[in-house]
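Structural overview for review
What follows is each chain in one-letter form.
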Amino acid sequence: MPYVSRHGFGYSVFEHTERGIRSELWVYVALDASVKFAVLKVRNECGRSRRLSVTGYVEWVLGDLRPKSAMHVITEVDPGSGALFAWNPYQPEFGGRVAFFNVDDAAGP
């Protein structure tokens, strides 16, 4: 199956099936906050047991240019939620803002 991309107002969907594993990634933004969501659905359609893992990756900028801001980004794991928080106290425009990355690892049927 080819890669399929669909886009709408505030969202994009990416679909692909490879060797019996179907993936669907929805990326969208909240209507009332500066938050981007990514929802990944993975389905085994091949009829045999498979063992999969998913890795998330974030390249924090938190400023105008990554090479200038990377050395100033501070990260911390929130013990209550497990979310990764990041901020850049040296960036005048974004210094008071906190970015986060979190994963809901609840397995579905």
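Just above, that's the structure.
Residues numbered from 1 in each chain as written. Predicted model: local features only at pLDDT ≥ 70, side-chain atom pairs only at ≥ 80, totals over all residues. Heavy atoms only, no water.

With that settled, the discussion passes to the overall build of the protein. When you go through the protein residue by residue, the secondary structure sums to one helix and seven strands. Scaling as 2.2 N^0.38, a compact globule of 109 residues should have a C-alpha radius of gyration of about 13 Å, whereas the protein reaches 17 Å, well beyond that. When the backbone C-alpha atoms are referred to their principal axes, the protein occupies close to 55 × 35 × 30 Å. Taken across its 109 residues, the protein has 18% of its residues classed as buried. The contacts of the protein with a sequence gap of at least 6 include a subset with a gap of at least 24, amounting to 18%. Side-chain charges of the protein comprise 12 positive and 12 negative groups, with the mean position of each set lying 9 Å from the other. (Helix = DSSP H or I, 4+ residues; strand = E, 2+ residues; numbered from the N terminus. Rg over C-alpha atoms; globule rule 2.2 N^0.38 Å. Buried < 20%, exposed > 50% of the residue type's maximum accessible area, 1.4 Å probe, protein only. Contact = heavy atoms within 4.5 Å. Lys, Arg positive; Asp, Glu negative; His and termini not counted. Charge placed at Lys NZ, Arg CZ, Asp CG, Glu CD.)

Tallied over the entire structure, the rule returns seven salt bridges. Put simply, glutamate 24 and arginine 22 hold a salt bridge, and the shortest N to O gap is 3.8 Å. Sharing partners across several salt bridges, the network here consists of Arg6, Glu15, Arg22, Glu24 and Lys41. (Salt bridge = Lys/Arg side-chain N within 4 Å of Asp/Glu carboxyl O.)

Glancing now at the packing of aromatic side chains. Using the criterion set out here, one finds two aromatic pairs in the structure. Where tyrosine 28 meets phenylalanine 37, the ring centres are 5.2 Å apart and the plane angle is 25 degrees; that geometry is what we call stacked. Its relative accessible area of 31% is what places tyrosine 28 among the partly exposed residues. Taking the relative accessible area as the measure of exposure, phenylalanine 37 reaches 36% and is therefore partly exposed. (Phe/Tyr/Trp six-rings, centres within 6.5 Å; stacked < 30°, edge-to-face > 60°.)

What follows covers the environment of tyrosine 3. Along the chain, tyrosine 3 falls in the segment before β1 (4–8). The sequence separation of tyrosine 3 and leucine 62 amounts to 59 residues, and the corresponding C-alpha distance is 31 Å. Aside from chain neighbours lying at most four places away, what touches tyrosine 3 is Glu15 and His16.

A sheet is described by the order of its strands in space; here four strands give the open sequence β1-β2-β3-β4, paired in antiparallel fashion. In the strand order of this sheet, the two ends are held by β1 and β4 (36–44), each with one partner. Geometrically, the sheet is characterised by an average inter-axis angle of 10 degrees between neighbouring strands, direction not taken into account. Where strand β2 (residues 11–18) lies against strand β3 (residues 21–29), eight bridges are found, and the strand directions are antiparallel. (Pairing = 2+ DSSP bridges. Axes fitted to C-alpha atoms, helices over the stretch in contact; angles between N-to-C directions.)

Right, let's talk about unusual backbone geometry for a bit. Glycine aside, negative phi is the norm for most residues, and most peptide bonds take the trans geometry. The phi angle at arginine 19 is positive, at roughly 50 degrees, despite the residue not being glycine. Relative to the assigned elements, arginine 19 resides in the loop between β2 and β3. When its relative accessible area of 70% is taken as the criterion, arginine 19 is described as exposed.

Moving on, we come to a nonpolar patch on the surface. A contiguous nonpolar surface patch, about 310 Å² in accessible area, is contributed by Tyr11, Tyr28, Phe37 and Val39. Within the element layout of this structure, tyrosine 28 appears in strand β3. (Patch = residues over 30% accessible without salt bridge, like charges linked within 9 Å, V, L, I, M, F, W, Y side chains within 5 Å. Areas by Shrake-Rupley, 256 points an atom, 1.4 Å probe, with all protein chains shown as cover.)

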